[in-house]
Amino acid sequence: MAKSIKLRAKAKGGIVTVKALMNHPMETGLRKDKKTGKMIPAHHIQEVTAKLGDKTVLDAVWGGAISKNPYLSFKCNGAKGDSLTLSWVDNKGESDSSTTAVS
Amino acid sequence: MNRRTLLKRTLAVSAVSVAASAGLLAPGQVLAAYPKAAFEAKDASSALSAALGAGNFEHSDAIKIKAPDIAENGSVVPVTIESSLSGVESISLLSEANNTPMVASFNLNGSEAYISTRIKMGKTGNVLAVVKSGGKLYANKKEVKVTIGGCGG
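Computed from a predicted model, the values in this text were never measured in an experiment. (Residues numbered from 1 in each chain as written. Chains lettered and ligands numbered in written order. Predicted model: local features only at pLDDT ≥ 70, side-chain atom pairs only at ≥ 80, totals over all residues. Heavy atoms only, no water.)

J.: Is there a simple way to think about the overall build of chain B in this case?
T.: Helix and strand counts for chain B stand at 3 helices and 9 strands. For chain B, the N- to C-terminal ordering of α and β elements is α-α-α-β-β-β-β-β-β-β-β-β. Within chain B, the proportion of its 153 residues that are buried is 42%. Of all intrachain contacts in chain B linking residues separated by at least 6 positions in sequence, the fraction that spans at least 24 positions is 61%. Looking at chain B as shown, the accessible area adds up to about 7800 Å², and 54% of this sits on carbon and sulfur atoms. (Helix = DSSP H or I, 4+ residues; strand = E, 2+ residues; numbered from the N terminus. Buried < 20%, exposed > 50% of the residue type's maximum accessible area, 1.4 Å probe, protein only. Contact = heavy atoms within 4.5 Å. Areas by Shrake-Rupley, 256 points an atom, 1.4 Å probe, with all protein chains shown as cover.)

J.: What is the right way to look at the interface of chain B and chain A in this model?
T.: Chain B puts 35 residues into the contact, and the matching count from chain A is 37 residues. Of the roughly 3100 Å² buried where chain B meets chain A, counting both sides, 52% is carbon and sulfur surface. Contact with chain A buries area across many residues of chain B, yet Tyr34, Arg118 and Lys120 of chain B alone supply 20% of it, more than any other trio. In this assembly, chain B and chain A are joined by 0 salt bridges. At the junction of chain B with chain A, the criterion picks out 15 residue pairs in polar contact (both at pLDDT 80 or more). (Buried area = accessible area lost by both parts, 1.4 Å probe. Salt bridge = Lys/Arg side-chain N within 4 Å of Asp/Glu carboxyl O. Polar contact = N/O pair within 3.5 Å; in protein donor to acceptor, adjacent residues only side chain to side chain.)

J.: Quick question: what am I supposed to make of helix 3 (residues 44–52) of chain B here?
T.: Each turn of an α-helix holds 3.6 residues, which means side chains three or four residues apart point in the same direction. All names here are of chain B. For helix 3, every residue scored as buried is listed here: Ala44, Ala47, Leu48 and Leu52. Axial view of helix 3: buried residues confined to an arc of 100°, hence all on one face. Lining the buried residues of helix 3 we find helix 2 (36–40), strand 5 (88–95), strand 6 (102–107), strand 8 (125–133) and strand 9 (136–148). After helix 3 finishes, the residue glycine 53 shows a positive phi value of roughly 90°. (Arc of directions from axis to C-beta.)

J.: Which parts of the structure should I look at to understand the side chain of histidine 24 of chain A?
T.: All names here are of chain A. Along the chain, the position of histidine 24 falls in the loop between strand 2 (15–22) and strand 3 (45–52). Judged by its relative accessible area of 2%, histidine 24 is buried. Within the structure, the side chain of histidine 24 is placed 3.2 Å from the backbone nitrogen of methionine 26, a separation counted as a polar contact. Looking at histidine 24, its side chain comes within polar contact range of the side chain of aspartate 90, at 3.0 Å. With residues up to four places along the chain from it excluded, the contact list for histidine 24 reads His43, His44, Ile45, Lys68, Asn69, Pro70, Trp88 and Asp90.

J.: Is there a simple way to explain unusual backbone geometry in this structure?
T.: One can expect most non-glycine residues to show negative phi and most peptide bonds to be in trans. Residue and element names in this part refer to chain A. Backbone geometry places methionine 26, a non-glycine residue, at a positive phi of 50°. One non-glycine residue, asparagine 69, lies in the positive phi region at around 50°. Within the secondary structure, asparagine 69 is located in the loop between strand 4 (55–62) and strand 5 (71–77).

Here's what the structure looks like:
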């Protein structure tokens, strides 16, 4: 699952605006496969963590009600040149992370 | 699931736990406290008590919810939450009409009180934003009319 995260971070007046797009099916476990009639098992991101340098700036817990290929935007304190890392873990134990420099 | 994918997954899980024990991931922040009960709760107040420890909240106009009045497609409803309350610790997002109302909870760790994301809504109902500030819960809601549901089907 390499490169499943698109990450942008922009600093303005000491506040960094982070925008992230993740590639993930986000199955709730409630949907039926139209061809086979079987339930599609749940497969969604459970935890998202964002770090600016070593400091955790955001950690979130998600359910299956976040849309497919999730979009997330948040604001934190920081400056240009800081390194921002965003990572997620899903309910199957798969995970991914991405790092970008704040511009 | 065949043997190969099973092996792969167990390996992936153990890799994560190795990383956790090596201190790369701070335990307690990642992996440990996934509030499963909150996401399985069938109504908003029990979901809130499972996630935040309290089911009751005060209404507050200092929380702004930006969401469409009418969402054509319930599987992608853009929602933005902003709050002018001071010392906001966490923002939780619920969709009252969903089978399991809990959508997500964001722990801010000193970040600005601003979250924007896209959520699924099963049918027309209120989007509930609950903000924890100074140990108290404040909430605001906004109704979103959904023409095509986005859960199951």
